[in-house]
Amino acid sequence: GQQVMQIPQYQHVQEGEDFTTYCNSSTTLSNIQWYKQRPGGHPVFLIQLVKSGEVKKQKRLTFQFGEAKKNSSLHITATQTTDVGTYFCAGPGSNTGKLIFGQGTTLQVKP
Amino acid sequence: EAQVTQNPRYLITVTGKKLTVTCSQNMNHEYMSWYRQDPGLGLRQIYYSMNVEVTDKGDVPEGYKVSRKEKRNFPLILESPSPNQTSLYFCASSLFSGAGANVLTFGAGSRLTVL
């Protein structure tokens, strides 16, 4: 079945270092979404990408959607302790009402 | 305030004792869904509903039931809970299920322990 894979599963960085998580879908996606879940919290929507090759920025966060619309990435520049959490990508299932999530990347930032 | 409300937030129960986790949204969303979150497995969809009286299985529906009698409510029912259903459960909703309107708003989560 359709799968969305995310790597790495965990990442530990020193505060100030950069961080990137990658998302790959087994099928072409009409759009891709990114969510952040703080420790002990619930997933919160960050952004949606729709166009092939699209790049969007939110302060230190840069989101990219691949040309083939099968992969995406989230890059954080100069991480801060407030960036700690799990980042999920999600894409709509083909011909279904599902939103399929990647396994998530858990980011820990050492001050 | 626009939100998805789940109850209970925490529950410890015993094997076989039926329980219901309620979920309510005040945003007039058509689409609602239940997920369970387990370490290393991310968010796995249990059931979803595209509108009133329309429900469908997600990836891990075994042992669960749902109903959608009203637009705002989407309860998750565990008829005979087992220890492998110990998990963190999230209810979520979106305006529609189609592209462009499928951004999910999540509830705060319900942590269930089955002994």
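Look up: the structure comes first, before these words.
Procedures and definitions
- Residues numbered from 1 in each chain as written.
- Chains lettered and ligands numbered in written order.
- Predicted model: local features only at pLDDT ≥ 70, side-chain atom pairs only at ≥ 80, totals over all residues.
- Heavy atoms only, no water.
- Helix = DSSP H or I, 4+ residues; strand = E, 2+ residues; numbered from the N terminus.
- Rg over C-alpha atoms; globule rule 2.2 N^0.38 Å.
- Contact = heavy atoms within 4.5 Å.
- Areas by Shrake-Rupley, 256 points an atom, 1.4 Å probe, with all protein chains shown as cover.
- Lys, Arg positive; Asp, Glu negative; His and termini not counted.
- Charge placed at Lys NZ, Arg CZ, Asp CG, Glu CD.
- Buried < 20%, exposed > 50% of the residue type's maximum accessible area, 1.4 Å probe, protein only.
- Core = buried A, V, L, I, M, F, W, Y, C linked by side-chain atoms within 4.5 Å.
- Patch = residues over 30% accessible without salt bridge, like charges linked within 9 Å, V, L, I, M, F, W, Y side chains within 5 Å.
- Salt bridge = Lys/Arg side-chain N within 4 Å of Asp/Glu carboxyl O.
- Buried area = accessible area lost by both parts, 1.4 Å probe.
- Polar contact = N/O pair within 3.5 Å; in protein donor to acceptor, adjacent residues only side chain to side chain.
- Phe/Tyr/Trp six-rings, centres within 6.5 Å; stacked < 30°, edge-to-face > 60°.

Asks: Teacher, can you tell me more about the overall build of chain A here?
Replies: When helices and strands are tallied, chain A shows 0 helices and 11 strands. Put simply, chain A runs from its N terminus to its C terminus through helices and strands in the order β-β-β-β-β-β-β-β-β-β-β. The C-alpha radius of gyration of chain A comes to 13 Å, within 12% of the 13 Å expected for a compact globule of 111 residues. Each of the three principal axes of chain A carries a C-alpha extent, and together these read 45 × 25 × 20 Å. Considering only contacts within chain A whose residues lie at least 6 apart along the sequence, 53% involve residues at least 24 apart. When the accessible surface of chain A is totalled, it reaches about 5300 Å², and 50% of it is carbon and sulfur. Across chain A, the mean location of the 11 positive side-chain charges is 9 Å away from that of the 6 negative side-chain charges.

Asks: Honestly, unusual backbone geometry in this entry has me stumped. Any pointers?
Replies: Both trends apply: most residues other than glycine have a negative phi, and most peptide bonds are in trans. For the bond running from I7(A) to P8(A), omega is -5°, close enough to zero to count as cis. Mapping P8(A) onto the fold places it in the loop between β1 (4–7) and β2 (10–14). Look at the link from N7(B) to P8(B): it is a cis peptide, with omega at -5°. Locating P8(B) in the fold gives a position in the loop between β1 (4–7) and β2 (10–13). Positive phi, close to 55°, is recorded for K69(A), a residue that is not glycine. Structurally, the position occupied by K69(A) is in the loop between β7 (61–65) and β8 (71–76).

Asks: What exactly am I supposed to notice about the side chain of S67(B) here?
Replies: Residues and elements named next belong to chain B. By the secondary structure assignment, S67 is in the loop between β7 (65–66) and β8 (76–78). We classify S67 as buried; its relative accessible area is 18%. Contacts of S67, omitting those with residues within four sequence positions, involve N73, F74 and P75.

Asks: What is the right way to read the nonpolar core from this model?
Replies: Counting residues in hydrophobic clusters, the biggest one holds 20 residues, and the most contacted among them are W34(A) and F63(A). Residue assignment for this core shows that the elements contributing at least two residues are β3 (19–25), β4 (32–37), β5 (44–49), β7, β8, β9 (85–92) and β11 (105–110) of chain A. Judged by nonpolar contacts, the second largest core, of 19 residues, contains V4(B), C23(B), I46(B) and V60(B).

Asks: How should I be thinking about a nonpolar patch on the surface in this particular structure?
Replies: All names here are of chain B. Where nonpolar side chains cluster on the molecular surface, the patch consists of I12, V14 and L115 and spans about 320 Å² of accessible area. Residue position: L115 is located in the segment after β11 (110–114). Note on L115: relative accessible area 60%, which makes it exposed.

Asks: Would you take a moment to explain the interface of chain B and chain A for this structure?
Replies: Often the size quoted for an interface is simply the accessible area lost on bringing the parts together. Facing the 22 residues of chain B at the interface are 20 residues of chain A. Summed over both sides, the interface of chain B with chain A buries roughly 1600 Å², with 54% coming from carbon and sulfur. The interface formed by chain B and chain A holds 0 salt bridges in total. The interface formed by chain B and chain A holds 4 residue pairs in polar contact (both at pLDDT 80 or more) in total. Those elements that place two or more of their residues in the side of chain B that touches chain A are β4 (31–38) and β5 (42–51) of chain B.

Asks: Honestly, the packing of aromatic side chains in this entry has me stumped. Any pointers?
Replies: Each aromatic ring pair is characterised by the separation of its centres together with the angle its planes make. Under the counting rule described, the total for this entry stands at 12 aromatic pairs over all chains. For the ring pair Y35(A) and F45(A), a centre distance of 5.7 Å and an interplane angle of 70° mean the geometry is edge-to-face. Highlighted residues: Y35(A) in strand β4 and F45(A) in strand β5, separated in sequence by 10 residues. In this structure Y35(A) comes out as buried when scored by relative accessible area, which is 0%. Its relative accessible area of 29% is what places F45(A) among the partly exposed residues. Summarising the aromatic geometry, the rings of F101(A) and Y35(B) are spaced 5.3 Å apart at their centres and angled 85° between planes, so their arrangement reads as edge-to-face. In this pair, F101(A) sits in strand β10 (residues 99–101) while Y35(B) sits in strand β4, so the two residues belong to two different chains. The pair formed by F101(A) and Y35(B) is uniform in burial state, with each residue classed as buried.

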